[in-house]
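Given next are the chains, with one letter for each unit.
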Amino acid sequence: SNLTGGPGGTGGQEGSGGAGGVAAGIYLESSSNNTFRNNTLSNLSGGRGGTGGSYGGSGGAGGKTYHFYLESASTATSINTTSTNISVDSTSRLTVRNYLTIKTLKPDSLPLSDVHVKVTDNTQTLYATVHYNGTDLLTDSNGLTPQILVTDRIYNGSSTPTENVTKVWVKRFT
């Protein structure tokens, strides 16, 4: 997507130019339970700052760029979507989730198959083989589990995320 915020206004005779407009790849206002999967947000640029007035006013600042911009009690989940610049107001929440694949290896870096695995996201068990009281598959002949959807970070009423803790246990019986 090629998105550019609008330009800032021109200042009066001695006034300063206005700030450039905000560019947002995904903008949500008063919108709940949104899910975005497998997206790449790119080619975003904030609007050009406005020009100063004819008698010496300063130019306006360029507009800001956000991959996600949530306000007015909006909620969303981003799954496997590239995003770095995030704006979340005090009433909104963005949960960022990604896929985790576990690869088990022998000391010589060869794959280790038939390994029991348990994955938890905070206190919730997401993946567990029979040894961990679950029904999920052991690692395959390449030492891999299927992809497991985990929470990476949460922007809860703030543009600063809380990092999520995902724990992994492995056990192999010989």
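Only a predicted model underlies this, so the values are computations on that prediction, with no experimental measurement involved.

The rules behind the values
- Residues numbered from 1 in each chain as written.
- Predicted model: local features only at pLDDT ≥ 70, side-chain atom pairs only at ≥ 80, totals over all residues.
- Heavy atoms only, no water.
- Core = buried A, V, L, I, M, F, W, Y, C linked by side-chain atoms within 4.5 Å.
- Buried < 20%, exposed > 50% of the residue type's maximum accessible area, 1.4 Å probe, protein only.
- Helix = DSSP H or I, 4+ residues; strand = E, 2+ residues; numbered from the N terminus.
- Contact = heavy atoms within 4.5 Å.
- Salt bridge = Lys/Arg side-chain N within 4 Å of Asp/Glu carboxyl O.
- pLDDT = per-residue confidence, 0-100.
- Pairing = 2+ DSSP bridges.
- Axes fitted to C-alpha atoms, helices over the stretch in contact; angles between N-to-C directions.
- Phe/Tyr/Trp six-rings, centres within 6.5 Å; stacked < 30°, edge-to-face > 60°.
- Lys NZ or Arg CZ within 6 Å of the ring centre and 35° of its normal.

Before going further, it helps to examine the nonpolar core. Core analysis: the largest hydrophobic core is formed by 12 residues, namely Ile26, Leu28, Phe36, Leu41, Phe68, Leu70, Ala76, Ile86, Val88, Leu94, Val96 and Tyr155. Counting residues per element, the ones that place at least two in this core are strand S2 (23–29), strand S5 (65–71), strand S7 (86–88) and strand S8 (93–100). In this structure Leu28 touches Asn34, Phe36, Tyr69, Leu70, Glu71, Ser74, Thr75 and Ala76, once residues within four positions along its chain are discounted. Of all hydrophobic cores here, the second largest spans 8 residues; its members include Ile102, Val115, Val117 and Val119.

In this section: the pattern of salt bridges. What the rule picks out here adds up to 1 salt bridge. Note that Arg153 is salt-bridged to Asp152, the shortest N-O span being 2.7 Å. Relative accessible area serves as the criterion here: at 14%, Arg153 is assigned to the buried category.

This part takes up the confidence of the model for the protein. Within the protein, residue pLDDT values average 82, and 74% of them lie at 70 or more. Here residues 1–17 is a poorly scored stretch, pLDDT under 50, and it has 65 contacts once near neighbours within four places are set aside; other chains count. In this model, residues 47–52 is a region of pLDDT below 50 whose contacts with residues beyond four sequence positions or in other chains number 37 contacts.

Sheet analysis places strand S9 (residues 116–121) next to strand S10 (residues 124–128), joined by 4 bridges and oriented antiparallel. Bridging from a neighbouring strand, Thr120 pairs with Thr125 of S10. Once S9 ends, the chain turns through 2 residues before running back antiparallel as S10, passing Asn122 with a positive phi of about 55 degrees.

With that out of the way, let us pick up the sheet that holds S10. Spatially, the 3 strands line up as an open sheet ordered S10-S9-S13, and their pairing is antiparallel. The open sheet terminates on both sides in strands that have one partner only, identified here as S10 and strand S13 (166–171). Going across the sheet, the axis of each strand differs from the next one's by a mean of 20 degrees, ignoring polarity. Pairing between S9 and S13: 6 bridges, direction antiparallel. Note on S13: the bridge partner recorded for Val117 is Val170.

We now examine the packing of aromatic side chains. Under the criterion given, the structure shown has 3 aromatic pairs. In textbook terms, an aromatic cluster arises when at least three aromatic residues are bridged by ring pairs, as seen for Tyr27, Tyr66 and Tyr69. Taking NZ or CZ as reference, Lys118 lies 5.2 Å from the ring centre of Trp169, over its face.

This part covers the environment of Ser92. Counting through the fold element by element, Ser92 comes out in the loop between S7 and S8. For Ser92, a relative accessible area of 2% gives the class buried. It is 6.2 Å that separates the C-alpha atoms of Ser92 and Leu70, two residues lying 22 residues apart in sequence. Apart from residues no more than four positions distant in its own chain, Ser92 is found in contact with Leu70, Glu71, Ser72, Ala73, Ser74, Tyr155, Asn156 and Gly157.

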